[in-house]
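An overview of the molecular structure
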Amino acid sequence: MTPEILARLNGVDGTKALQDIADTGDEIQRYHRLRLITQQDGSYRIEGTPLDRRLCLLHWLRRALRLSPHFVQQHFTPALKIQLKQQGILTALYDEKNLQALIGLCSRRLQRQFDSRDVQFLTLFLQYCLHQHHAGITPEFTEQQRIWTQMRPEYLAALEIARHWKRRVMQSANENEQLFLALLFQLLRTPDPIRDNHQQDLRLRTAICGMITRFREQGGMSFSDEQGLSDQLYIHLAQALDRCQYGIGIDNSLPEEITRLYPRLMRTTREVFRDFEAHFEMRFSDEEVGLVAVIFGAWLMQESDLHEKQVLLLTGNNMELEQNIEQQLRELTLLPLNIKHLTIHSYQKEGAPKEVVLVITPYSTSLPLFSPPLIHVTLPLGEHQQQQIRKIIEC
């Protein structure tokens, strides 16, 4: 692949094509631990383990079918079929009707319905797996990954495809290919907290209940709907466990923002998450923990007031003092806060926006005719002031 080919395919100039290549290199390294290498002739090659390369294609081919189906139809699919023919693989093995019949069999095994786009994706991806296997490029799994995948019901469903292929093309049983097929179905799964009843699903539900209990005890705040929180955490963590097990990354811009805006929420989440990690013998990234913190924060908010509490910080001529006050305010509560800044002069002239529940300032000021509660603070915040502030923003 060269910049010229990419520029032509995407209908852009050379400068834009080079920028697209650089952005792509950053993304596949962050999410899939792959490197985009420039070769001596100016073309590009993706380097990484066969497992990471397949997981990368899995993610982006699904996106391509959703966002650019024309490209898949006009470029990816024909190139794949040419490769399969050149390798001399039996046509019956990659025939679309035969593969769709196998997918239907797996669907019944898993008691799961695949929509038309999933069937299209699986047909293409199974063809790609055939191509890779025939070329001697097989993913390898750690012992922990092997155990993790073998425990899932998808492993038994993958047996159907492995048996079919073994009869036709695999001279010896290839457990790694079967493991990958199981992982393929696993990553397509949409967790259902009501219907899922596999032993691993029940284990996850129990671990989540323990985590919610510890969060409630450590944070000193209760949730209005613990069942709803448990269901949402189940959907998220069922997928996060797979990402963690296989090193699949997510957006890395979130944790720093959450730690800055919601330090106590992030710290409490990390503390209650330790037992969860120990239970599954995994270490979650700060990015993954940040997403769990967001879920906890959302469910802490009252059902009748589903937005961040608005706090107004009146500013003057001491920026360092104001930043310290804002940080201490964020440390006071687990609730997400939206702290807005307004000058003393503007406040006296215009008052506070109507959605503000509390006004905080280190400066002397007179109250307008109508105003939310105003607290004049000094650092460090005294215990009485902390209680006052918490009472207002957590009510």
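Residues numbered from 1 in each chain as written. Predicted model: local features only at pLDDT ≥ 70, side-chain atom pairs only at ≥ 80, totals over all residues. Heavy atoms only, no water.

The protein is annotated in an unreviewed UniProt entry as CsiE family stationary phase-inducible protein from Buttiauxella ferragutiae ATCC 51602.

Let us now look at the overall build of the protein. Counting its regular elements, the protein contains 18 helices and six strands. The C-alpha atoms of the protein give a radius of gyration of 27 Å, which is well past the 21 Å a tight globule of 395 residues would have. By its C-alpha atoms, the protein is 85 × 55 × 35 Å across when sized along the principal axes. Within the protein, buried positions represent 46% of all 395 residues. In the protein, the proportion of contacts linking residues at least 24 apart, taken out of those at least 6 apart, comes to 72%. When the accessible surface of the protein is summed, it comes to about 20,700 Å², and 50% of that surface belongs to carbon and sulfur atoms. A gap of 6 Å separates the mean positions of the 44 positive and 48 negative side-chain charges of the protein. (Helix = DSSP H or I, 4+ residues; strand = E, 2+ residues; numbered from the N terminus. Rg over C-alpha atoms; globule rule 2.2 N^0.38 Å. Buried < 20%, exposed > 50% of the residue type's maximum accessible area, 1.4 Å probe, protein only. Contact = heavy atoms within 4.5 Å. Areas by Shrake-Rupley, 256 points an atom, 1.4 Å probe, with all protein chains shown as cover. Lys, Arg positive; Asp, Glu negative; His and termini not counted. Charge placed at Lys NZ, Arg CZ, Asp CG, Glu CD.)

Among the structural elements, leucine 188 can be located in helix α10 (residues 175-188). For the pair formed by leucine 188 and histidine 59, sequence separation is 129 residues and the distance between their alpha carbons is 9.9 Å.

Together, Met1, Ile5, Leu9 and Phe71 make up a nonpolar patch on the protein surface, roughly 310 Å² of accessible area in all. As for its position among the elements, methionine 1 is in the segment before α1 (3-10). Given a relative accessible area of 48%, methionine 1 falls into the partly exposed group. (Patch = residues over 30% accessible without salt bridge, like charges linked within 9 Å, V, L, I, M, F, W, Y side chains within 5 Å. Salt bridge = Lys/Arg side-chain N within 4 Å of Asp/Glu carboxyl O.)

A few words on the nonpolar core. Membership of the largest hydrophobic core comes to 79 residues, with the highest contact counts inside it found for Leu233, Leu237, Phe276 and Phe296. Residues contacting leucine 237, with those up to four places away along its chain left out, are Leu204, Ile208, Met211, Phe273, Phe276 and Val292. In terms of nonpolar packing, the next biggest core, distinct from the first, is built from 14 residues, Leu313, Leu329, Ile375 and Ile389 among them. (Core = buried A, V, L, I, M, F, W, Y, C linked by side-chain atoms within 4.5 Å.)

Time to look at the pattern of salt bridges. If the charged atoms of two oppositely charged side chains come close together, the side chains can form a pair. Under the definition given, this model contains 25 salt bridges. A salt bridge links arginine 62 to aspartate 118; its shortest N-O distance comes to 3.5 Å. Placement of arginine 62 in helix α3 (residues 50-67) and of aspartate 118 in helix α7 (residues 116-134) is noted, with a sequence separation of 56 residues between them. When its relative accessible area of 28% is taken as the criterion, arginine 62 is described as partly exposed. In this structure, arginine 330 and glutamate 326 form a salt bridge, with 3.1 Å as the shortest nitrogen-oxygen distance. Here arginine 330 and its partner glutamate 326 are both found in helix α16 (residues 319-332), four residues apart, which amounts to about one turn of the helix. With respect to burial, arginine 330 and glutamate 326 carry one shared label: buried. Shared partners join several salt bridges into a network, and the residues in it are Arg112, Arg152, Glu154, Arg189, Asp196 and Asp201.

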